[in-house]
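Given next are the chains, with one letter for each unit.
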Amino acid sequence: MTEPTEGDVVWLTQAKFDELQAELERLRGPGRAEIVKKVSEARDEGDLKENSGYHAAREELGKVDGRVQQLVDMLRRAKVGETPADDGVVEPGMKVTVKLLGADLTQEFLFGAREMAGDDITVYSPQSPLGQAIQGARRGDTVTYTLPNGKDQKAEILEAVPYSG
C-alpha cells in the first residue's frame, strides 16, 4: 500500500477520525451481519425473481459494502490533526468567510474534508481550486483562483476561525 500524497490526504480531527473508525467497525461487524441475515432469510422465502425483500436486502448490503470501502479508503488517507489555532490563518479545520470580488458575494464554508461537517455547511477541500488558493492565506489577504470556465476569480479572506461543528 502506498502512502497518500499531499493531494490525496483527507484532513480529519481526532474526534471525527474516531467516529468514522467506529462506524467502520460497526458496519464490518454487527451491521453487515444483520443485513446478511436479512438476505439469507429472504432467499429462503422462495422464488428470487419476484422476491422484493431479497432484492431490497441485497441492495442494502451493496450500499453497506460501498460505505465500508469508502471508509477504508478515507481512513487510509487520513491526516489527523487537532483543531487549528484561532490565528486567522486558513488551514484545514477552519470555518472561512470569503468575499468573491467582482461578484459582490460572500461565502462561508468549512475548509477541510466533507466528512468533518454535517449538512449545515458547505465544504471546500484543500484540493479544490479555491482551497489551493486560500491554503495558508490570512484574514485580509486577497487570493486569485481559476474557475471551471477558465476565468480567474479574486477572493478576499474576511474571516478564518476554528470550526466547532
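Residues numbered from 1 in each chain as written. Predicted model: local features only at pLDDT ≥ 70, side-chain atom pairs only at ≥ 80, totals over all residues. Heavy atoms only, no water.

Colleague: Just to check I follow, could you spell out the overall build of the protein chain for this structure?
Modeller: Along the backbone of the protein chain there are three helices and seven strands. Counting from the amino terminus, the protein chain carries its helices and strands in the arrangement β-α-α-β-β-β-β-α-β-β. Taking 2.2 N^0.38 as the reference for a compact globule, 165 residues should give roughly 15 Å; the C-alpha atoms of the protein chain span a radius of gyration of 21 Å, well beyond that estimate. The C-alpha extent of the protein chain, read off along each of the three principal axes, is 65 × 35 × 30 Å. Within the protein chain, the proportion of its 165 residues that are buried is 35%. Considering only contacts in the protein chain between residues 6 or more positions apart, those separated by 24 or more positions represent 54%. Of the roughly 9900 Å² that the protein chain leaves accessible, carbon and sulfur atoms contribute 47%. (Helix = DSSP H or I, 4+ residues; strand = E, 2+ residues; numbered from the N terminus. Rg over C-alpha atoms; globule rule 2.2 N^0.38 Å. Buried < 20%, exposed > 50% of the residue type's maximum accessible area, 1.4 Å probe, protein only. Contact = heavy atoms within 4.5 Å. Areas by Shrake-Rupley, 256 points an atom, 1.4 Å probe, with all protein chains shown as cover.)

Colleague: Looking at this model, I keep getting lost on the nonpolar core. Mind explaining?
Modeller: Taken as a class, soluble globular proteins show a tendency for nonpolar side chains to be buried jointly. In this structure, Leu-12, Leu-20, Leu-71, Leu-75 and Leu-110 are the most contacted members of the largest nonpolar core, which totals 23 residues. Of all the secondary-structure elements, those providing two or more residues to this core are strand E1 (10-13), helix H1 (14-43) and helix H2 (52-77). The leading source of residues in this core is H2, at eight residues. Of all hydrophobic cores here, the second largest spans 15 residues; its members include Phe-109, Ile-134, Val-143 and Ala-155. (Core = buried A, V, L, I, M, F, W, Y, C linked by side-chain atoms within 4.5 Å.)

Colleague: What's the story with the packing of H1 against H2 in this structure? I'm lost.
Modeller: Axes are the key here: two packed helices are described by the angle between their axes and the distance separating the axes. Two elements in contact, H1 and H2, have axes whose closest approach is 9 Å; the angle formed by their N-to-C orientations is 160°. What the angle tells us is that H1 and H2 run roughly antiparallel. Considering how the two elements wind past one another, H1 and H2 form a crossing that is left-handed. For the contact of H1 with H2, the residue count by class is 17 nonpolar, two polar and nine charged. (Axes fitted to C-alpha atoms, helices over the stretch in contact; angles between N-to-C directions. Parallel < 35°, antiparallel > 145°, perpendicular 65-115°, else oblique. Left-handed = near helix turned anticlockwise from the far one by under 90°. Nonpolar A, V, L, I, M, F, W, Y, C, P; charged D, E, K, R; others polar.)

Colleague: Got a minute to help me understand H2 in this structure?
Modeller: Note on helix geometry: an α-helix contains 3.6 residues per turn, so any two residues three or four positions apart are oriented the same way. Look at H2: 38 Å from first C-alpha to last across 26 residues, which is about the 38 Å you get at 1.5 Å a residue. Within the span of H2, buried status applies to Tyr-54, Ala-57, Leu-61, Val-64, Val-68, Leu-71, Met-74 and Leu-75. Each element contacted by the buried residues of H2 is listed here: E1, H1 and strand E2 (78-81). (Expected span 1.5 Å × (residues − 1).)

Colleague: Looking at this structure, I do not really get the sheet that holds strand E5 (residues 123-124). What am I missing?
Modeller: Strand pairing in a sheet relies on backbone hydrogen bonds. The paired strands run either parallel or antiparallel. Spatially, five strands are ordered E5-E4-E3-E7-E6 in an open sheet, and the strand pairing comes out mixed. Lying at the two open borders of the sheet, with one neighbouring strand each, are E5 and strand E6 (142-146). Where strand E4 (residues 105-111) lies against E5, two bridges are found, and the strand directions are parallel. Bridge pairing links Leu-110 to Val-123 in E5. (Pairing = 2+ DSSP bridges.)

Colleague: Looking at this structure, how should I read H1?
Modeller: Here H1 contains 30 residues, and its C-alpha end-to-end distance of 41 Å stays within 8% of the 44 Å for a straight helix at 1.5 Å per residue. Its axis deflected by about 45° at Leu-27, H1 carries its strongest bend there, up to four residues before the proline Pro-30. Looking at the buried positions of H1, the neighbouring elements they touch are E1, H2 and E2. (Bend = angle between axes of the 7 residues up to and from the residue.)

Colleague: How should the side chain of Glu-23 be read in this particular structure?
Modeller: Mapping Glu-23 onto the fold places it in helix H1. Polar side-chain contacts of Glu-23 include one of 2.9 Å to the side chain of Arg-67. Each residue touching Glu-23, except ones within four places of it in the same chain, is listed here: Arg-67 and Leu-71. (Polar contact = N/O pair within 3.5 Å; in protein donor to acceptor, adjacent residues only side chain to side chain.)

Colleague: Before we go on, may I ask you to explain the environment of Ala-42 in this structure?
Modeller: Position of Ala-42 among the secondary structure elements: in helix H1. Residue classification places Ala-42 among the buried residues on the basis of a relative accessible area of 6%. Put simply, Ala-42 and Tyr-54 are twelve residues apart on the chain and 4.7 Å apart in space, counted from C-alpha to C-alpha. Excluding residues within four positions of it along the chain, Ala-42 makes contact with Asn-51, Gly-53 and Tyr-54.

Colleague: Would you explain the packing of aromatic side chains in this entry?
Modeller: A ring pair, where both rings are aromatic, is described by two values, the distance of the centres and the angle of the planes. Summed over all chains, the structure comprises one aromatic pair. Judged by centre distance (4.6 Å) and plane angle (70°), the ring pair of Phe-109 and Tyr-124 falls under edge-to-face. Remark: Tyr-124 occurs in strand E5 and Phe-109 occurs in strand E4; sequence separation between them is 15 residues. The buried category is assigned to Phe-109, whose relative accessible area is 0%. Relative accessible area serves as the criterion here: at 23%, Tyr-124 is assigned to the partly exposed category. (Phe/Tyr/Trp six-rings, centres within 6.5 Å; stacked < 30°, edge-to-face > 60°.)

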